[in-house]
Amino acid sequence: MRAGTIPPLAHFTRLNPGIDLRDTPFYINHRATEWRRLRGADGVEIPRRAGVSSFGFGGVNAHVVVEEPPATTPPTPPAREALPVLVSAATDERLRDQARHLLAHLERQRWQPDFPRFSDIAFTLTYGRPRLPARLAFDAASVDDLLAGLRGYLDGEPAFGADDALSSWCAGGPDDLLPAPWPARRVPLPGYPFQPDRHWLPERGPRRAWTPQSWPMSSWPPRPRSPGPAWTPRRLCHRVHPRPPTRMRRPCSTTR
């Protein structure tokens, strides 16, 4: 939806002869097609809409209708020379993974036509993410400065800028040390890299594979079991004592 392209249907080669779509508005998309917006009766373009279905062995599990967001005018970037960039995680190890994923994403998407502005990236990292104990912060004026700061942190170089407030914040200071938000919008960036812990039952020792050598020749083939004492059925008799009949009282009524 963001790229304006309808992807082809995976593993589609030819249509089932029992399905006739000639007189219907439906078709099987077998190649990447431009997703053009429709126009209403007044000539205004209608936002792109799509339905996403989840199928299982028991039928349809879920169906979601999505619509592209309306086009908005991006706010004017601030006139500041440098903007703060904040990255935080729960531990130092997660912080390094966060910086590594962010660096790879920016280097991969930097030359795409829909790459966001630097002010929006800095705003998302600074004010669009929760602030966790392990912190990294530095000043940057462009995407190049941001990439250089991330590379320097991963290489073990100090990444703090000239602003002492960011250094105090990284040391555990309050959020009041951060500057006020600037006009910008949030953009999609890599999420939090959670710890890849494995939660499973403890593995037992290696199973002993059966081989002819694993069985001694003296015990192979297995000897038949010796027959035990013969089982003789016994007759179980239970004496049933008849219950004596109870006398039923006749209902009596008196009238005066």
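Everything here concerns the structure above.
All of the points below concern the structure found in this document. A quick note: this is a predicted structure, and the numbers were derived from the prediction, not measured.

1. Observations regarding the overall build of the chain
- Within the chain, the secondary structure is distributed over four helices and six strands.
- Helices (α) and strands (β) of the chain occur, in sequence order from the N terminus, as β-β-β-β-β-α-α-β-α-α.
- In the chain, which comprises 256 residues, the share counted as buried stands at 22%.
- Excluding contacts between residues fewer than 6 apart, the proportion of contacts in the chain whose partners are at least 24 apart in sequence is 68%.
- Carbon and sulfur atoms make up 56% of the accessible area of the chain, which totals about 21400 Å².

2. Let's talk about the layout of surface pockets
- The volume enclosed by the largest pocket comes to roughly 910 Å³.
- Along its surface, the largest pocket is lined by 29 residues, and Arg-2, Pro-69, Asp-114, Arg-185 and Pro-188 are the ones closest to its centre.
- Along the lines of polarity and charge, the residues of the lining of the largest pocket split into 14 nonpolar, five polar and ten charged.
- Of the pockets and cavities examined, the second largest pocket occupies roughly 430 Å³.
- Taken together, Thr-5, Ile-6, Pro-7, Pro-8, Leu-9, Pro-25, Phe-26, Tyr-27, Ile-28, Asn-29, Trp-35 and Ala-50 make up the full set of residues lining the second largest pocket.
- Looking at side-chain class alone, the lining of the second largest pocket contains ten nonpolar, two polar and no charged residues.

3. Digging into empty space enclosed by the protein
- Scanning all chains against the criterion turns up one cavity of 30 Å³ or more.
- Quantified by volume, the largest cavity comes out at close to 40 Å³.
- Residue classes in the lining of the largest cavity are distributed as four nonpolar, two polar and one charged.

4. Brief notes about the side chain of Ser-119
- Within the secondary structure, Ser-119 is located in helix α2 (residues 118-127).
- Residue contacts for Ser-119: discarding those within four places in its chain leaves Pro-77, Pro-78, Leu-83, Trp-182 and Ala-184.

5. Considerations on a nonpolar patch on the surface
- Nonpolar side chains collect at one region of the surface, where Met-1, Val-52, Val-64 and Val-66 lie side by side and expose about 280 Å² of accessible area between them.
- Within the fold, Val-52 resides in strand β3 (residues 49-56).

6. Re the pairing of strand β4 (residues 59-67)
- In this structure, β3 lies alongside β4, joined through eight bridges in antiparallel fashion. Its bridge partner lying in β4, Ala-50 is registered against Val-66.

7. A look at the packing of aromatic side chains
- If you walk through the whole model with that rule in mind, you get four aromatic pairs.
- On the numbers, 5.6 Å between centres and 40 degrees between planes, the contact of Phe-123 with Tyr-127 is tilted. Taken as a pair, Phe-123 and Tyr-127 lie in helix α2 at a separation of four residues, close to a single helical turn. Neither residue differs from the other here; Phe-123 and Tyr-127 are each classed as buried.
- The interplanar angle of 75 degrees and the centroid separation of 5.5 Å between the aromatic rings of Tyr-127 and Trp-182 together place this pair among those described as edge-to-face. Residue Tyr-127 is found in helix α2, and its partner Trp-182 is found in the segment after α4 (164-170); the two are separated by 55 residues along the sequence. In this structure, Tyr-127 and Trp-182 share a single accessibility class: buried.
- Through a chain of ring-to-ring contacts, three or more aromatic side chains come together here, namely Phe-123, Tyr-127 and Trp-182.
- Over the ring of Tyr-153 we find Arg-96; its NZ or CZ atom is 5.7 Å from the centre of that ring.
- The side chain of Arg-135 reaches across the aromatic face of Trp-169, ending 4.3 Å from its centre.

8. Section: the environment of Gly-173
- Along the chain, Gly-173 turns up in the segment after α4.
- With relative accessibility at 14%, the residue Gly-173 sits in the buried group.
- Once you skip the residues sitting within four places of it in the chain, Gly-173 turns out to touch Arg-135 and Ser-168.

Rules and cut-offs
- Residues numbered from 1 in each chain as written.
- Predicted model: local features only at pLDDT ≥ 70, side-chain atom pairs only at ≥ 80, totals over all residues.
- Heavy atoms only, no water.
- Helix = DSSP H or I, 4+ residues; strand = E, 2+ residues; numbered from the N terminus.
- Buried < 20%, exposed > 50% of the residue type's maximum accessible area, 1.4 Å probe, protein only.
- Contact = heavy atoms within 4.5 Å.
- Areas by Shrake-Rupley, 256 points an atom, 1.4 Å probe, with all protein chains shown as cover.
- 1 Å grid on protein atoms, 1.4 Å probe; cavity = no way out; pocket = protein on both sides within 12 Å on 5 of 7 lines; lining within 4 Å.
- Points joined across faces, edges and corners; volume = space filled by probe spheres on them.
- Nonpolar A, V, L, I, M, F, W, Y, C, P; charged D, E, K, R; others polar.
- Patch = residues over 30% accessible without salt bridge, like charges linked within 9 Å, V, L, I, M, F, W, Y side chains within 5 Å.
- Salt bridge = Lys/Arg side-chain N within 4 Å of Asp/Glu carboxyl O.
- Pairing = 2+ DSSP bridges.
- Phe/Tyr/Trp six-rings, centres within 6.5 Å; stacked < 30°, edge-to-face > 60°.
- Lys NZ or Arg CZ within 6 Å of the ring centre and 35° of its normal.

So, to be careful, I would describe these as geometric facts and stop short of saying anything about function.
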